[in-house]
Amino acid sequence: METEFTPFASLLGGGLIGLSAVILMASHGRVAGISGIVSRILPPAIDTKGLPQGLTFIAGLLLAAPLWFGFIGQAPVVTISSNNALLGLAGILVGFGAVLGNGCTSGHGVCGISRMSGRSMIATATFMTTGVVTVFILRHVVGG
Amino acid sequence: MSWGAEIMHFFSTLFAGLFFGSGLILSGMANPTKVQNFLDIFGTWDPSLAFVMGGAILVTAPGFWFVQKRSTPFFHDMFHLPTRSDIDARLVTGAAIFGIGWGLGGLCPGPAVTSLPFATSGVLVFVPAMLVGMSLAKLTALPSRKTIPA
C-alpha cells in the first residue's frame, strides 16, 4: 500500500523528536534512546534509581496519542499488519536486538549520529540494511 | 534537590516524552506501513522518514553540543554519555536482528509505545513481545557480568 510523501510534516516531527532529545540531555544528562529507557525498567536488574524518570518519560509518550486525538479531532492514519504471529515475532526481534545492540532508531539513529558516534553509525547502517532486505523478502519474494 | 527543581525535573521529563511521541505521530513514524514503505526502496518507496531523521539530527546535534558546554545537566549530578567506541559482534548482531524485526512489523520501540493508546490488536501483540525480547537480551547479558575469573 502506498503512503503519501510528507517531507514537511516529517521534518517538523523529526524536529520535535530532536527537541525532546535535547530537553532530556539538558535536564537529566541522558541520551533519548527509547529501547534503553524501556529496558532499564524491566527485569532482570531493574534500574531503580532511574525508575521515576523512565516512567515519567513513558507517561509523556503515552499522552501524545490521546492529546493528538483531542486537538486534531481524529486519530492519525495507522495501518499495521493483521498477521499477529508475524508481529509477535517482530516484537521479540526488535526488543532482543535493540538491547543486544545497545540501541534502536532513536538512541543510535538520532542521538548517536548527532554525537558522531562511530558505533551508532555502524549500528544504524546495519539495521537499515537488514530492514530493507527484510521488507524486500517480505513483500517481493514471499508476498510477491 | 529542592522541591522546585524536583518539579521542574518531572515536567521537563514528561514534556520530553510528550514531544517525542507527538513528533513520531506528526512525522508518520507511528504508521507501520509508512515505515515499511521507507524500507521498500524497490517497491512503494516513501522517502519521508529520511526527513524525520534529518530533522531530528538538525536539532539534536547543535542542541547536545550547546548543552554539554555545561559541567552538569540542570537537574542531575552528571551526564551519562555512552563512552564505548569499539565495534564488537554484539553491536552488529543486535542491530541486524533489530532491523529484521523492524522490517517485519514496521515498528520500533518509540512508535510501538506511543501507539499503545490506539489499542490496535497488532500493537497489543507487538509491545508485550518486545518487552519479553528485551528481558531475554538482558538475561543473556547477565552471566558475563557475574562471571568471576577463577
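Cut-offs used in this document
Residues numbered from 1 in each chain as written. Chains lettered and ligands numbered in written order. Predicted model: local features only at pLDDT ≥ 70, side-chain atom pairs only at ≥ 80, totals over all residues. Helix = DSSP H or I, 4+ residues; strand = E, 2+ residues; numbered from the N terminus. Rg over C-alpha atoms; globule rule 2.2 N^0.38 Å. Contact = placed C-beta atoms within 7 Å. Buried ≥ 20, exposed ≤ 12 C-beta atoms within 10 Å, placed from the backbone. Nonpolar A, V, L, I, M, F, W, Y, C, P; charged D, E, K, R; others polar. Core = buried A, V, L, I, M, F, W, Y, C linked by C-beta atoms within 7 Å. pLDDT = per-residue confidence, 0-100. Expected span 1.5 Å × (residues − 1). Axes fitted to C-alpha atoms, helices over the stretch in contact; angles between N-to-C directions. Left-handed = near helix turned anticlockwise from the far one by under 90°. Parallel < 35°, antiparallel > 145°, perpendicular 65-115°, else oblique.

> Mind showing me how you'd approach the overall build of chain B here?
Counting its regular elements, chain B contains six helices and zero strands. Each helix and strand of chain B, placed in order from N terminus to C terminus, yields the pattern α-α-α-α-α-α. For a compact globule of 150 residues, the expected C-alpha radius of gyration is about 15 Å, and chain B comes in at 19 Å, more than 25% above that figure. Seen through its C-alpha atoms, chain B measures out along the principal axes to roughly 50 × 50 × 30 Å. Long-range contacts, defined as pairs at least 24 residues apart, comprise 43% of the intrachain contacts of chain B with a sequence gap of at least 6.

> What is the right way to look at the environment of Phe10(B) in this model?
For Phe10(B), the position within the fold is in helix 1 (residues 3-27). Look at Phe10(B) and you get partly exposed, because 16 C-beta atoms sit within 10 Å.

> Whenever I open this one, the environment of Gln36(B) confuses me. Can you help?
Looking at the element boundaries, Gln36(B) is found in helix 2 (residues 32-39). Judged by C-beta crowding, with 28 C-beta atoms within 10 Å, Gln36(B) ranks as buried. Between the alpha carbons of Gln36(B) and Trp102(B) there is a distance of 8.3 Å; along the sequence they are 66 residues apart. If near-sequence neighbours (up to four positions away) are discounted, Gln36(B) is found in contact with Val135(A), Gly103(B) and Gly106(B).

> Help me understand unusual backbone geometry in this model?
Across the chain, the bulk of peptide bonds are trans and the bulk of non-glycine residues have phi less than zero. Between Pro43(A) and Pro44(A) the backbone carries a cis peptide bond, its omega angle lying at -5 degrees. Along the chain, Pro44(A) turns up in the loop between helix 2 (34-40) and helix 3 (51-72). Positive phi, normally seen in glycine, also occurs at Asn102(A), with a value near 60 degrees. Within the element layout of this structure, Asn102(A) appears in the loop between helix 4 (84-100) and helix 5 (105-114). Of note in this structure, Ala119(B) is not a glycine but carries a positive phi near 50 degrees. Within the element layout of this structure, Ala119(B) appears in the loop between helix 5 (109-115) and helix 6 (121-146).

> Mind showing me how you'd approach the interface of chain A and chain B here?
Across the contact, 104 residues belong to chain A and 108 residues belong to chain B. Every element with two or more residues in the side of chain A that touches chain B is listed here: helix 1 (7-28), helix 2, helix 3, helix 4, helix 5 and helix 6 (118-142) of chain A. For the side of chain A that touches chain B, the element with the highest residue contribution is helix 1 of chain A, accounting for 21 residues. A per-class count over the side of chain A that touches chain B returns 61 nonpolar, 38 polar and five charged.

> When you look at the nonpolar core in this model, what are you seeing that I'm missing?
In summary, soluble globular proteins display a tendency toward joint burial of nonpolar side chains. By size, the foremost hydrophobic cluster in this structure holds 80 residues, and its most contacted members are Leu93(A), Val94(A), Phe98(B) and Phe126(B). Per-element accounting of this core gives the leading share, 10 residues, to helix 1 of chain A.

> Would you mind going over the confidence of the model for chain B with me for this structure?
Close inspection of predicted coordinates is inappropriate in any region flagged by low pLDDT. Averaged over all residues, the pLDDT of chain B equals 92, while 94% of them reach at least 70. For this predicted complex, the interface score ipTM comes out at 0.95, while the overall pTM is 0.94.

> Sorry if this is basic, but what is going on with helix 4 (residues 89-105) of chain B here?
Owing to its 3.6 residues per turn, the α-helix aligns residues three or four sequence positions apart on the same side. When the terminal C-alpha atoms of helix 4 of chain B are compared, their 24 Å separation across 17 residues agrees well with the 24 Å that a helix rising 1.5 Å per residue should span. Trailing helix 4 of chain B by a residue or two, Gly106(B) shows a phi angle of about 75 degrees, which is positive.

> Would you explain the environment of Phe74(B) in this entry?
You can see Phe74(B) is positioned in the loop between helix 3 (48-67) and helix 4. The exposure class assigned to Phe74(B) is partly exposed, which follows from the 15 C-beta atoms found within 10 Å. Phe74(B) sits 49 residues away from Val123(B) along the chain, and the two C-alpha atoms are 35 Å apart. When residues no more than four places from it in sequence are discounted, the contact partners of Phe74(B) are Ala26(A) and Ser27(A).

> Where do I start with the packing of helix 6 of chain A against helix 4 of chain B in this structure?
When two helices pack together, their arrangement is captured by the angle between the axes and the distance separating the axes. In contact at an axis separation of 7 Å, helix 6 of chain A and helix 4 of chain B are set at 35 degrees when each is read in the N-to-C sense. The handedness of the crossing between helix 6 of chain A and helix 4 of chain B comes out as right-handed. Residues Arg119(A), Ile122(A), Ala123(A), Thr126(A), Phe127(A), Met128(A), Thr129(A), Thr130(A), Gly131(A), Thr134(A), Val135(A) and Leu138(A) of helix 6 of chain A touch helix 4 of chain B, and the partners they reach there are Leu91(B), Val92(B), Ala95(B), Ala96(B), Phe98(B), Gly99(B), Ile100(B), Trp102(B), Gly103(B) and Leu104(B). The class makeup of the residues in the contact of helix 6 of chain A with helix 4 of chain B is 14 nonpolar, seven polar and one charged.

> I'm lost on the packing of helix 4 of chain A against helix 4 of chain B in this one. Help?
Where helix 4 of chain A meets helix 4 of chain B, the axes come as close as 7 Å, and the angle between the chain directions of the two elements is 155 degrees. Here helix 4 of chain A lies roughly antiparallel to helix 4 of chain B, going by the angle between them. Once helix 4 of chain A is placed against helix 4 of chain B, the crossing between them reads as left-handed. Facing Leu86(A), Leu87(A), Leu89(A), Ala90(A), Gly91(A), Leu93(A), Val94(A), Phe96(A), Gly97(A), Ala98(A) and Leu100(A) of helix 4 of chain A, the residues of helix 4 of chain B in contact are Arg90(B), Thr93(B), Gly94(B), Ala95(B), Ile97(B), Phe98(B), Ile100(B), Gly101(B), Trp102(B), Leu104(B) and Gly105(B). In terms of residue class, the contact of helix 4 of chain A with helix 4 of chain B is made up of 15 nonpolar, six polar and one charged.

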